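# Overview (structure and organization)
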Amino acid sequence: MVGVVGIAFPKFRLVSTLGAYQDLAKDGLWETTMTTKRMGLSGKPETAAEMAARFDDLHPPYNEMMAMTESNRCLYCYDAPCTTACPTSIDIPAFIRKISTGNPNGAAKTILEENILGGTCARVCPTETLCEQACVCNELEGGPVPIGRLQRYAVDHFMEADKPHPFGRKPSSGKTVAVVGAGPAGLACAHRLAMLGHDAVVFEAKAKAGGLNEYGLAAYKMTNDFAQKEVDFLLEIGGITIQYEQRLGDNLLLADLSRDYDAVFIGIGLGDVNDLGLEGEDKDGIHSAIDFIEEIRQAPDKRDVAVGDNVIVIGGGNTAIDAAVQAKRLGAGEVTLVYRRGAEQMGATDFEQDLAKLNDVIVRYWSMPSGIKGNGKVESMVFEKAELDGGKLMGTGETYEVKADMVLKAVGQKLLPSGLDGIELNRGKLVLDEKFQTTMGGVFAGGDAVASGEDLTVQAVEDGKQAAHAIDQYLSGM
Amino acid sequence: MADLKCTIAGIESINPFWLASAPPTDKKYNVVRAFEAGWGGVVWKTLGIDPPVINVSSRYGVHHDHKRRVMGINNIELITDRPLEVNLQEIREVREEWPDRVIIGSIMAPVEKHYWQDLARQVADAGVHGLELNLGCPHGMCERGMGSAIGQVPEMVEQVTRWVKEAVDIPVFTKLTPNITNILWSAEAAYKGGADAVSLINTVNSIISVDLDQMAPTPTVDGVGTHGGYCGSAVKPIALNMVAEIAKSPDTGNMHISGIGGITDWKDAVEFMTLGSNAVQVCTAAMVYGFRIVEDLIDGMSDWMDEKGYTSVAEFTGAAVPQVKDWNELNMNYDIKAVIDPDQCIECGRCHIACEDTSHQAILMKTREDGGKLFEVVDDECVGCNLCLHVCPVEGCISMKEVSAGKPALTWPEHPLNPMKQAAE
Ligand SMILES: Cc1cc2nc3c(=O)[nH]c(=O)nc-3n(C[C@H](O)[C@H](O)[C@H](O)COP(=O)(O)O)c2cc1C
Ligand code: SF4
């Protein structure tokens, strides 16, 4: 059976005539332009090709005809709500119009001008809760314009055309900024600094740049090594160097950076994961979902990634879904996603939740992990049913057990504060003033590590970009 | 089902839908398929004097809308490229096999009496119901002194029409070219020459696009191109106006009109007829969609007639002509204002930016309490131009309300601010 799931039908501002689709949407069975095949996911694939097929593009790229058809549905709104909804304020009607006129390279420049990682954002943004939710076409038949996929079409077209880098640099200021972390925030910051005439030295803890783009997103969202291609593209502007395996608080010290550079930007994301707080969490077979996804992303042949037969994923965000779906695709027998609350409260978008179901992930709501069983190695987990009691989540006392030889924890990440001594944190995140400056003079920050951090790639890009402008102002006042 | 029978130039047709002289009527095979589909008549692809012409390839260029629908076709084809006798034999056969359908023979010849008269007689002898004189092709044939080279000179239009009328005793349609400055001059010439009807329009002279790699107009022929004839829904407005002018003019008013130009659906056909066409011809729509579109022409028109209470096409033929006026006859006291229905508004802002940038700054964009947008018309600034209504993607969201009820009608010649009027007083 080939099931098709999509987000092209409005799920947020449904008009009455589309009511029929609403019901189908609930079942995850409606058909739209976005096709995600239901996979016949039984067992482990034998050949590398079969496995690779399971990790192929979730949404195949548009060809020219599809891009033309969809771009021509855009109404070219004035003061468009989609642009307002985009954290990086891409001029969406302008870029879509350029696609429709056969000017995809112009479209790409319009996108990249505001969002230098527009290629990744096009692939991973939860567009159904951002730009596409705001699309006025939600009110019309046909649903929202597929902005994300059109954005990908334009950026891919540009990057594949092997054009010269679209942005130039202002005359050199002679200043150099240290950027800590080569994730979306750090890269966006470095690129904008380069445009503004400053040099940037980026210090990255890992062996590759890209941050979560490289390590933390499901493989079927970032095919063909796109994260590295995007980094290469971004570096073409010049003035940016990346030093790898430089970890803050380890072989990299903030004090040195402050002394040696004209300013510092911290975009280190969240380097640590939350625990379940249960006894026996150190048993074999219990991993963080982030590590699991990283392993998948870095494995050239996904058959080499170990996956359990009975996998439990705990959490309700997109990371939980990424882990659960990929575990299933790797060949796990049964994958159970367990979430404390209900579907409505899940951080994962409706699209992601449907994706999990289409991949035969069993989803259990209103269940709190209460025990881990097993002798040295996890054998099962016990969950207590939960309910809301006056707005507070309470266990009901009723429990059930789920067999498991692998448990993936996706209950949130947190800032790893090492090397940040002297900077004020609030609820475990960096405190910023309105100019993106931490409580340490000349040290700026953005992305997931900061208090307002929204756990969105696109927000990190915007932070990096805005922080670069703040740093530019700061440097000009020096 | 209303009665769609019509009479044009004395010829009765089971319905007013004919195929225009063009590739769809090129040979028996097509014409039979057209009759099977339900077309009332055909104007056979233009016949000429042997030896037949030779065509080039490619031949067509197209103007698409953004959904890749064909808005117009431009062609550089000539008249029939088959020997005259082959065509005439097929005409005889189809006439016999389809006695209730109309066949008009389209003809073209150099401006010499014997050419036109010989050809007219030969084609008439094949049994056609009437002849159509092709004085319109704006490409190819005109370089040989035919087609629009004749149609653009009123004296020649009259002369050729007269020659043919002298030679045969069946109805003669003179087909007019739109590539002129005033359609009435050629229509009057046809009338003076004795035409029973005029057919219009033939194609509009055009270059459809430029191939930017070959740096040549399309359709290209071995790296270069030439101007061609434009037709299809894009030319409908031009054709409608010309039809109306002829229908309105007392000098041409009692000549029958075969309306042509961009007719694609039943509504187009009805519009042509309300402006004075006694029947209509279709080419491009058939080329784009096939003969089957006649089904919609037939039951669409019939259903509309039932709804409006018309029992014959004659009842609405020309019905809109009296309402086609000169600008000077319009009521300047009539006043309308745009009204935006907030319940239907999807907040795209198109009306606002259109009026703000290019019209009268009469639509304010405000923010509602819930953060959404509210578009408000400033009646004092609105001149009732309709622009907002046309650019709004939601049909029916913007409407125009009359605010001038009770005011007496006032035309420009009567207007106090008209300097010509003051001078006259
Ligand atoms: C490919 C092509 C060939 C044509 N050939 C002739 C012709 O031989 N004789 C003629 O009178 N008109 C010819 N026409 C013009 C059509 O009969 C008709 O007047 C014109 O296309 C406008 O109608 P439409 O918009 O329905 O196509 C031709 C048109 C096309 C597209
Ligand atoms: S009718 Fe014309 S002037 Fe009036 S609001 Fe609309 S666009 Fe503006």
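Since this is a predicted model, take the numbers as computed values, not measurements.

Quick look at the overall build of chain A now. When helices and strands are counted, chain A shows 17 helices and 17 strands. Against the compact-globule benchmark of 23 Å for 478 residues, chain A has a radius of gyration of 23 Å, which places it among compact chains. When the 478 residues of chain A are sorted by exposure, 56% land in the buried category. In chain A, the proportion of contacts linking residues at least 24 apart, taken out of those at least 6 apart, comes to 72%. With the model as given, the accessible surface of chain A reaches about 19,800 Å², and the carbon-plus-sulfur share is 47%. Here chain A contributes 46 positive and 68 negative side-chain charges, whose respective centroids are spaced 2 Å apart.

This part is about the sheet that holds strand β5 (residues 60–64) of chain B. All names here are of chain B. Here 4 strands make up an open sheet; going across it, the order is β5-β6-β14-β11 and the pairing antiparallel. The outermost strands of the open sheet, each flanked by one partner alone, are β5 and β11 (204–206). Averaged over all pairs of adjacent strands, the angle between their axes in this sheet comes to 35 degrees, without regard to strand direction. Of the pairings in the sheet, the one linking β5 to strand β6 (residues 70–75) comprises 5 bridges and is antiparallel in character. Opposite Gly61, over in β6, you have Asn74 as the bridge partner.

Moving on to the site of ligand 2. Near ligand 2 lie 14 residues; those nearest to it are Cys355, Cys382, Cys385, Asn386 and Cys388 of chain B. A breakdown of the residues in the shell around ligand 2 according to their chemical character gives 10 nonpolar, 4 polar and no charged.

The next subject is the pattern of salt bridges. Where charged atoms from two side chains of opposite charge come close, those side chains can pair. Scanning the model with the defined rule gives 41 salt bridges over all chains in all. Put simply, Arg162 of chain B and Glu158 of chain B hold a salt bridge, and the shortest N to O gap is 3.0 Å. Of this pair, Arg162 of chain B and Glu158 of chain B are both found in helix α5 (residues 154–167), 4 residues apart, which corresponds to roughly one turn of the helix. Each of Asp57, Arg123, Arg152 and Asp156 of chain A takes part in a single network of salt bridges with overlapping partners.

Glancing now at unusual backbone geometry. Cis geometry is found at the peptide bond from Asp50 of chain B to Pro51 of chain B, where omega equals 0 degrees. Within the fold, Pro51 of chain B resides in the loop between β4 (41–47) and β5. Ser58 of chain B follows Ser57 of chain B through a cis peptide bond whose omega is 5 degrees. Unlike most non-glycine residues, Phe436 of chain A shows phi in positive territory, near 65 degrees.

Within the largest apolar cluster, 94 residues are counted, with the highest numbers of intra-cluster contacts made by Phe17, Trp39, Trp116, Leu200 and Met301 of chain B. It is helix α7 (residues 236–248) of chain B that provides the largest number of residues to this core, a total of 7 residues.

Let us look at the UniProt feature "domain: Dihydroprymidine dehydrogenase" (unreviewed entry) in chain A. If you check UniProt for "domain: Dihydroprymidine dehydrogenase" (unreviewed entry), the listed places come out as residues 53–161 of chain A in our numbering. Secondary structure across residues 53–161 of chain A comprises 55% helix and 0% strand; the distance between its end C-alpha atoms is 26 Å.

Residues and elements named next belong to chain B. Surrounding ligand 1, one finds 23 residues, the nearest of these being Ser21, Thr46, Lys175, Gly262 and Thr284. Here an oxygen atom of ligand 1 and a backbone polar atom of Ser21 are 2.8 Å apart. When residues of the shell around ligand 1 are traced back to their parent elements, those giving at least two are β4 and α9 (284–289). Of the residues contributing to the shell around ligand 1, the split by class is 10 nonpolar, 10 polar and 3 charged.

Residue and element names in this part refer to chain B. Close contact between α5 and helix α6 (residues 183–193) brings their axes to 7 Å; oriented N to C, the two are set at 30 degrees. Judged by the inter-axis angle, α5 sits roughly parallel to α6. As for the relative orientation of α5 and α6, their crossing is right-handed in sense. Judged by residue contacts, Pro154, Val157, Glu158, Thr161, Arg162 and Lys165 of α5 engage Trp185, Ser186, Ala189, Ala190, Lys192 and Gly193 from α6.

Moving on: a nonpolar patch on the surface. Among the surface-exposed residues, Tyr60, Met287, Val288 and Tyr289 of chain B lie close enough to one another that they form a single nonpolar patch of about 310 Å² accessible area. At 3 residues, the largest contribution of residues to the nonpolar patch is made by α9 of chain B.

What follows concerns the sheet that holds strand β12 (residues 392–403) of chain A. Residues and elements named next belong to chain A. Sheet architecture is open: 3 strands sit in the order β10-β11-β12, paired in antiparallel fashion. Each end of this open sheet is capped by a strand with a single partner; those strands are β10 (367–373) and β12. Here the strands of the sheet are splayed against their neighbours by 25 degrees on average, with no regard to which way each runs. With 9 bridges joining them, strand β11 (residues 380–389) and β12 adopt antiparallel strand pairing. From the neighbouring strand, Ser380 faces β12, where its bridge partner is Lys403.

Turning next to the packing of aromatic side chains. In total, this model carries 9 aromatic pairs over all chains according to the counting rule given. Taking the centre distance of 5.9 Å and the plane angle of 75 degrees together, the rings of Phe203 of chain A and Tyr261 of chain A count as edge-to-face. A residue pair is termed long-range when its members are at least 10 positions apart, and Phe203 of chain A in strand β2 (residues 199–203) and Tyr261 of chain A in the loop between α13 (254–260) and β4 (263–266) qualify at 58 residues. On the basis of an interplanar angle of 55 degrees and a centroid distance of 6.0 Å, the ring pair of Trp18 of chain B and Phe173 of chain B is categorised as tilted. Of the two residues, Trp18 of chain B sits in strand β3 (residues 17–19) while Phe173 of chain B sits in strand β9 (residues 172–175), which places them 155 residues apart along the sequence. Residue class for Phe173 of chain B comes out buried when judged on its relative accessible area of 0%. Through a chain of ring-to-ring contacts, three or more aromatic side chains come together here, namely Trp304, Tyr310 and Phe316 of chain B. The ring of Tyr76 of chain A is capped by Arg97 of chain A, whose NZ or CZ atom sits 5.2 Å from the centre of that ring. Note that Arg123 of chain A overlies the ring of Phe226 of chain A, its terminal NZ or CZ placed 3.6 Å from the centroid.

Calculation criteria
Residues numbered from 1 in each chain as written. Chains lettered and ligands numbered in written order. Predicted model: local features only at pLDDT ≥ 70, side-chain atom pairs only at ≥ 80, totals over all residues. Heavy atoms only, no water. Helix = DSSP H or I, 4+ residues; strand = E, 2+ residues; numbered from the N terminus. Rg over C-alpha atoms; globule rule 2.2 N^0.38 Å. Buried < 20%, exposed > 50% of the residue type's maximum accessible area, 1.4 Å probe, protein only. Contact = heavy atoms within 4.5 Å. Areas by Shrake-Rupley, 256 points an atom, 1.4 Å probe, with all protein chains shown as cover. Lys, Arg positive; Asp, Glu negative; His and termini not counted. Charge placed at Lys NZ, Arg CZ, Asp CG, Glu CD. Pairing = 2+ DSSP bridges. Axes fitted to C-alpha atoms, helices over the stretch in contact; angles between N-to-C directions. Near = heavy atom within 4 Å. Nonpolar A, V, L, I, M, F, W, Y, C, P; charged D, E, K, R; others polar. Salt bridge = Lys/Arg side-chain N within 4 Å of Asp/Glu carboxyl O. Core = buried A, V, L, I, M, F, W, Y, C linked by side-chain atoms within 4.5 Å. UniProt positions renumbered as here; feature names shortened; annotations may be inferred. Polar contact = N/O pair within 3.5 Å; in protein donor to acceptor, adjacent residues only side chain to side chain. Parallel < 35°, antiparallel > 145°, perpendicular 65-115°, else oblique. Left-handed = near helix turned anticlockwise from the far one by under 90°. Patch = residues over 30% accessible without salt bridge, like charges linked within 9 Å, V, L, I, M, F, W, Y side chains within 5 Å. Phe/Tyr/Trp six-rings, centres within 6.5 Å; stacked < 30°, edge-to-face > 60°. Lys NZ or Arg CZ within 6 Å of the ring centre and 35° of its normal.

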